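Coordinates in review
This is what each chain is made of:
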Amino acid sequence: MPEVVTMGETMVAFCPEQSGPLRYVQRFVKRIAGSESNVAIGLARLGHSSAWVSRLGRDELGEYILREVRAEGVDVSHVERDDSAPTGLMIKEIHEGDETRVYYYRKGSAASRMSVDDLDEGFLRSCEFIHLSGITPALSESCREMTQALASMAKANGVRLSLDPNIRFRLWSREEACVTLSGLIPYADVLMPGIEEGRILTGESDPQRIVQTLLAAGAKIVALKLGADGCIVADASQAWHVLPFPVRRVVDPVGAGDAFAAGFLAGLLEGLSLEECGRMANAMGASAVTTSGDYEGLLDRDAFDALLEGREAVQR
Ligand code: KDG
């Protein structure tokens, strides 16, 4: 059985080969994009077993996603196919200074039709962690109900819940996000917000106060991502500011949060201290931003251990 099960939508992403308005772009690179499958892939790179649960259309794009995630060593045996709804799609547009805009074509997608009927309790109770992001409850009413039911199911079965708020304003309002995500925080054994999300969820601006407020709201462990400043990791009895791993050049920051989550969960699975989990998370986040694509830059275990130990990776 997988150690970690993640659940959420993965789309096909068309990424332009040139910058400027899409109307003038001729060529695109086809990739996959989905926060939860990124986390599952990150864990697999680090040698942990993971599964990704979702719905895809019974279409070629769905076939492509399934193939890619499976090829990364993730269990996709619980991905359902939908005969009457398509696989979600997103198209990126690159502007001056590498600013990226995203256009979603995911309303009514197969994944947005996930519901409590997609929760296979027998499968979900056998893992150590269930990882969710705040993207899933923002997809539809049935997805929102499903995430709440999943959080209760995890608690009832003694499975630890990991939650990345991943607030996407394209999908819901600040108010809707706050209400729904605040309802999930008491179920979170691990909560991994970015600093801006921490501000939104708590109304506080100081990082230490954000962490304390989220712990008081019921999260057991908080890992607050501070970008270039590393992270703060804390539980009821300890708090650490963990310094970042230096990055020479940021090529593509998308996916860094998912890599961070994979590193942190891997550390917990390996029984490491919170501080060491934060270090692993920072190192994974740093490796994700060095290449384009959400997860392509993630290191394999040998190279990752070499990075952690400050030595050169062996060239094979
Ligand atoms: O974390 C990165 C993913 O979230 C991204 O690849 C897909 O933006 C995305 C979304 O909203 O699902």
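For the structure, see preceding data.
Description of the structure in this document. Every value quoted in this text rests on a predicted model; they were computed, and no experiment measured them.

Across its full length, the protein chain holds 10 helices and 14 strands. Over its C-alpha trace the protein chain gives a radius of gyration of 18 Å, about what one expects of a compact globule, namely 20 Å for 316 residues. Dimensions of the protein chain, computed from the C-alpha atoms along their principal axes, are close to 50 × 45 × 40 Å. The 316 residues of the protein chain split such that 55% are buried. When contacts within the protein chain are restricted to residue pairs at least 6 apart in sequence, long-range pairs at least 24 apart make up 69% of them. With an accessible surface of roughly 14,100 Å², the protein chain has 48% of that area assigned to carbon and sulfur atoms.

With that out of the way, let us pick up the site of the ligand. In the region of the ligand, the neighbouring residues are M11, A33, G34, S35, N38, Y104, R106, I135, R168, V254, D258 and D294. Within the side chain of R106, one N or O atom sits 3.0 Å away from an oxygen atom of the ligand. Residue D294 places a side-chain N or O atom 2.4 Å away from an oxygen atom belonging to the ligand. In isolation the ligand offers 320 Å² of accessible surface; the protein chains occlude 94% of this area. In terms of residue class, the shell around the ligand is built from five nonpolar, three polar and four charged.

Moving on: the pattern of salt bridges. In total, this model carries 16 salt bridges according to the counting rule given. The partner of E296 in a salt bridge is R31, and the shortest N-O contact between them spans 3.5 Å. Residue E296 is located in the loop between α9 (274-288) and α10 (301-309), and its partner R31 is located in strand β3 (residues 28-33); the two are separated by 265 residues in the primary sequence. Residue class for E296 comes out partly exposed when judged on its relative accessible area of 33%. Residues participating in the shared-partner salt-bridge network are R55, D82, R113 and D118.

In this section: the sheet that holds strand β12 (residues 221-225). Reading across from one edge, β4-β1-β9-β10-β11-β12-β13-β14 is the order of the eight strands in this open sheet, with mixed pairing throughout. Two strands in the sheet have a free side with no partner beyond their single neighbour: β4 (50-53) and β14 (239-242). Both β12 and strand β13 (residues 231-234) contribute to a ladder of four bridges, which runs antiparallel. Among the inter-strand pairings, V222 is bridged to a residue of β13, identified as A234.

By secondary structure assignment, the location of T136 is in the loop between β9 (129-133) and α4 (141-156). Relative accessible area serves as the criterion here: at 0%, T136 is assigned to the buried category. Ignoring any residue separated from it by four or fewer positions in sequence, one finds T136 in contact with M7, G8, E36, M114, C143, M146 and T147.

As for its position among the elements, E197 is in helix α6 (residues 195-202). For the buried residue E197, which engages in no salt bridge, the nearest side chain bearing the opposite charge is K225, 5.0 Å off. Ignoring anything within four residues of it in the chain, the contact list for E197 reads D164, P165, N166 and I167.

A few words now on the packing of aromatic side chains. All chains considered together, the criterion is met by two aromatic pairs. Pairing F260 with F264 gives two aromatic rings, centres 6.4 Å apart and planes at 10 degrees, and the pair type is stacked. In this pair, F260 and F264 both sit in helix α8 (residues 256-269), four residues apart, roughly one turn of the helix. On the basis of relative accessible area, F264 is assigned to the buried category, the value being 0%. In this arrangement the basic side chain of K30 is found over the ring face of Y64, its NZ or CZ atom lying 3.6 Å from the centre. Between the NZ or CZ atom of R106 and the centre of the ring of Y104, over which it lies, the distance is 4.5 Å.

Analysis parameters
- Residues numbered from 1 in each chain as written.
- Predicted model: local features only at pLDDT ≥ 70, side-chain atom pairs only at ≥ 80, totals over all residues.
- Heavy atoms only, no water.
- Helix = DSSP H or I, 4+ residues; strand = E, 2+ residues; numbered from the N terminus.
- Rg over C-alpha atoms; globule rule 2.2 N^0.38 Å.
- Buried < 20%, exposed > 50% of the residue type's maximum accessible area, 1.4 Å probe, protein only.
- Contact = heavy atoms within 4.5 Å.
- Areas by Shrake-Rupley, 256 points an atom, 1.4 Å probe, with all protein chains shown as cover.
- Near = heavy atom within 4 Å.
- Polar contact = N/O pair within 3.5 Å; in protein donor to acceptor, adjacent residues only side chain to side chain.
- Nonpolar A, V, L, I, M, F, W, Y, C, P; charged D, E, K, R; others polar.
- Salt bridge = Lys/Arg side-chain N within 4 Å of Asp/Glu carboxyl O.
- Pairing = 2+ DSSP bridges.
- Lys, Arg positive; Asp, Glu negative; His and termini not counted.
- Phe/Tyr/Trp six-rings, centres within 6.5 Å; stacked < 30°, edge-to-face > 60°.
- Lys NZ or Arg CZ within 6 Å of the ring centre and 35° of its normal.

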